[in-house]
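# Summary of structural features
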Amino acid sequence: MDTKAFKRSLNQSDNYHRKGFGHQAEVAVVLESEYQSNLIQEIRDRNYTLTRGDVTIRLAQSFGFCWGVERAVAIAYETRQHFPTQQIWITNEIIHNPSVNQRLREMNVNFIQVENGVKNFDIIDRGDVVILPAFGASVQEMQLLNDKGCTIVDTTCPWVSKVWNTIEKHKKKDYTSIVHGQYKHEETVATISFADKYLVVLNLAEANYVADYILNNGNTSAEKLQRRTEFLAKFSNAYSAGFDPDLDLEKVGIANQTTMLKTETEAIGKLFERTMMKKYSTAELDEHFQSFNTICDATQERQDAMFELVEEPLDLMLVIGGYNSSNTTHLQEISIEHRIPSYHIDSDLRILADNQIEHKPLSQDLHITKNWLPDGKIVVGVTSGASTPDKIVEAAIERIFATKSGIAIS
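Keep in mind that what you see is a predicted model, and the values were worked out from it rather than measured.

In terms of regular secondary structure, the protein is built from 15 helices and 19 strands. Taking 410 residues into account, the globule formula puts the C-alpha radius of gyration at 22 Å, and the protein, at 23 Å, falls close to it. Buried positions account for 55% of the 410 residues belonging to the protein. Considering only contacts in the protein between residues 6 or more positions apart, those separated by 24 or more positions represent 69%. Put simply, the protein shows about 18700 Å² of open surface, and 46% of that area lies on carbon and sulfur atoms. Each charge class in the protein was averaged separately, 42 positive and 56 negative side chains, and the resulting centres sit 2 Å apart.

Now for the environment of Val73. Within the element layout of this structure, Val73 appears in helix H4 (residues 67–82). Spatially, the C-alpha atoms of Val73 and Ile95 are 8.0 Å apart, while their sequence positions differ by 22 residues. Residues in contact with Val73, not counting those within four places in the same chain, are Leu31, Tyr35, Ile95 and Val100.

Let's shift gears to helix H6 (residues 139–147). For H6, the full list of buried residues reads Val139, Glu141, Met142 and Leu145. The arc that holds the buried residues of H6, viewed along the axis, is 160°, so those residues lie on one side. On its buried side, H6 packs onto helix H1 (3–11), strand S7 (118–119), strand S8 (129–132), strand S9 (151–154) and helix H7 (158–172). Positive backbone phi, at 75°, marks Gly149, one or two positions downstream of H6.

Here the focus is the sheet that holds strand S10 (residues 176–180). Taken in spatial order, the 4 strands of this open sheet run S11-S10-S12-S13, and their pairing is parallel. Either end of the sheet is taken by a strand with one partner, and the two such strands are strand S11 (198–201) and strand S13 (289–291). Between one strand and the next, the sheet's axes are offset by a mean angle of 25°, whatever the strand orientation.

A surface patch of like charges, here positive, comprises Lys4, Arg8, Lys162, Lys169, Lys172 and Lys173. Looking at the positive patch, the elements with two or more residues in it are H1 and H7. It is H7 that contributes the most residues to the positive patch, 3 residues altogether. Mapped onto the fold, Lys4 is located in helix H1.

Here the focus is the side chain of Thr56. In this fold, Thr56 is placed in strand S3 (residues 55–59). Judged by its relative accessible area of 14%, Thr56 falls in the buried class. For Thr56, the side chain forms a polar contact with the side chain of Thr51, separated by 2.8 Å. Beyond its immediate sequence surroundings of up to four residues, Thr56 is in contact with Thr49, Leu50, Thr51, Ile378, Val379 and Val380.

Within a regular beta strand, the side chains point alternately toward one face of the sheet and then the other, so they alternate between its two faces. The alternating pattern of S9 places Thr151 and Val153 and Ile152 and Asp154 on opposite faces, both of which are buried. As paired elements, strand S1 (residues 16–17) and S9 share 2 bridges and run parallel to each other. When the bridges of S9 are listed, Tyr16 appears paired with Ile152. The β-α-β motif built from S8, the intervening H6 and the parallel element S9 has right-handed crossover chirality.

Before going further, it helps to spend a moment on the packing of aromatic side chains. With the rule as written, the count across this model stands at 11 aromatic pairs. For the pair Phe231 and Phe235, a centre-to-centre distance of 4.9 Å together with 40° between the ring planes defines the contact as tilted. According to the relative accessible area criterion, Phe231 is buried, its value standing at 0%. Classification of Phe235 by relative accessible area gives buried; the value is 1%. With centroids separated by 5.2 Å and ring planes inclined at 75°, the aromatic side chains of Tyr343 and Trp372 adopt a geometry described as edge-to-face. Note that Tyr343 is positioned in strand S15 (residues 342–345) and Trp372 in the loop between strand S18 (367–370) and strand S19 (378–384), a separation of 29 residues in sequence. There is no split in this pair, since Tyr343 and Trp372 are both buried. Each member of the aromatic cluster is reached from another via a ring pair, and the members are Tyr209, Tyr213, Phe231, Phe235, Tyr239 and Phe243.

Here we come to the sheet that holds S18. The sheet built from 3 strands is open, its strands ordered S16-S17-S18 with antiparallel pairing. Each edge of the open sheet is held by one strand with a lone partner, namely strand S16 (351–352) and S18. The pairing of S16 with strand S17 (residues 356–359) spans 2 bridges and is classified as antiparallel. Within S17, the position partnered with Ile351 by the bridge is Ile357.

Cut-off values and rules
Residues numbered from 1 in each chain as written. Predicted model: local features only at pLDDT ≥ 70, side-chain atom pairs only at ≥ 80, totals over all residues. Heavy atoms only, no water. Helix = DSSP H or I, 4+ residues; strand = E, 2+ residues; numbered from the N terminus. Rg over C-alpha atoms; globule rule 2.2 N^0.38 Å. Buried < 20%, exposed > 50% of the residue type's maximum accessible area, 1.4 Å probe, protein only. Contact = heavy atoms within 4.5 Å. Areas by Shrake-Rupley, 256 points an atom, 1.4 Å probe, with all protein chains shown as cover. Lys, Arg positive; Asp, Glu negative; His and termini not counted. Charge placed at Lys NZ, Arg CZ, Asp CG, Glu CD. Arc of directions from axis to C-beta. Pairing = 2+ DSSP bridges. Axes fitted to C-alpha atoms, helices over the stretch in contact; angles between N-to-C directions. Patch = residues over 30% accessible without salt bridge, like charges linked within 9 Å, V, L, I, M, F, W, Y side chains within 5 Å. Salt bridge = Lys/Arg side-chain N within 4 Å of Asp/Glu carboxyl O. Polar contact = N/O pair within 3.5 Å; in protein donor to acceptor, adjacent residues only side chain to side chain. Right-handed = clockwise from strand over helix to strand, strands pointing away. Phe/Tyr/Trp six-rings, centres within 6.5 Å; stacked < 30°, edge-to-face > 60°.

Any functional reading would require information beyond the geometric quantities listed.
Here is the structure:
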């Protein structure tokens, strides 16, 4: 499929919308009322620090809603206003935040049902309105919706679209796209749908495995077969159909899921650059390696702010954001790497009565911790993922103040 030609054709269709419907002013008032916070603005004005009683809150200097998220939510609200009586669907969560997605449900925006891991598009009728979320949709989904004659409202973040453009550049020169990301994540699924050949690596350890294979895939036929078999088993489900590591890793281009750790994406890019220089020489590098900067500014800013925050004297860290939010999870990782007791919650309601908190430790199920707030004076670091409204952060902070003051919370 010529994905570039399809996107060009879709962009010219009267049924495709990417810039809203002219209701920005009205929607902005609603969004400010529902998601903004006077307390958070006060903390910003106080140099990101606020003390009440025994609690000092230190807020990261970049956190919460990013421009791409605000844009996606605003367009979704505009869509409901512009089509007040029509059936509206969304192909996935608009963003990874439970309260925002629940708000859309209350506005009668329907979410495509997933059955046995497969989305059921049969329930969509011709002429229905379908919203594509901030992290995009696969080319196949867009084609299906277009063939159905749906009105498509595309809220895909421009940074995600930038990665798609990079994939198109890889294809043009027959490069295999090595994507730093989670192969099941909605954004990565959308990204690899634009590729002819791809391999998804989760982290630097997997990237090192691939680099080692490129440089040393065995000396004898038996060794090469064993190495190849191990490779394909290790990355099962994370490569394109018919992927051949002995042929398809001769020319590689780097791309990424925009919410991955910036430092790790950069390290993976440098790793493959060195690998190709070692195998093919510096003079031939451009024939075997291609890399573009596709790291999202907002993700980078929030990670940089977190690295600054963890250098402060903190007793504990509260990280607020959806449990399936990649960028939020990476903020949690930074705190853990600096050995700060850290609690990842998706809502203020996870802060329970009697000084308990229901949180998600990294790579574990939900867990309730008792007496999570220590006695005496404490300093609490607070940050939130790019899909978390300020009002949720405010509510969580107020629950911390209430708990330390002995005020009952429910």
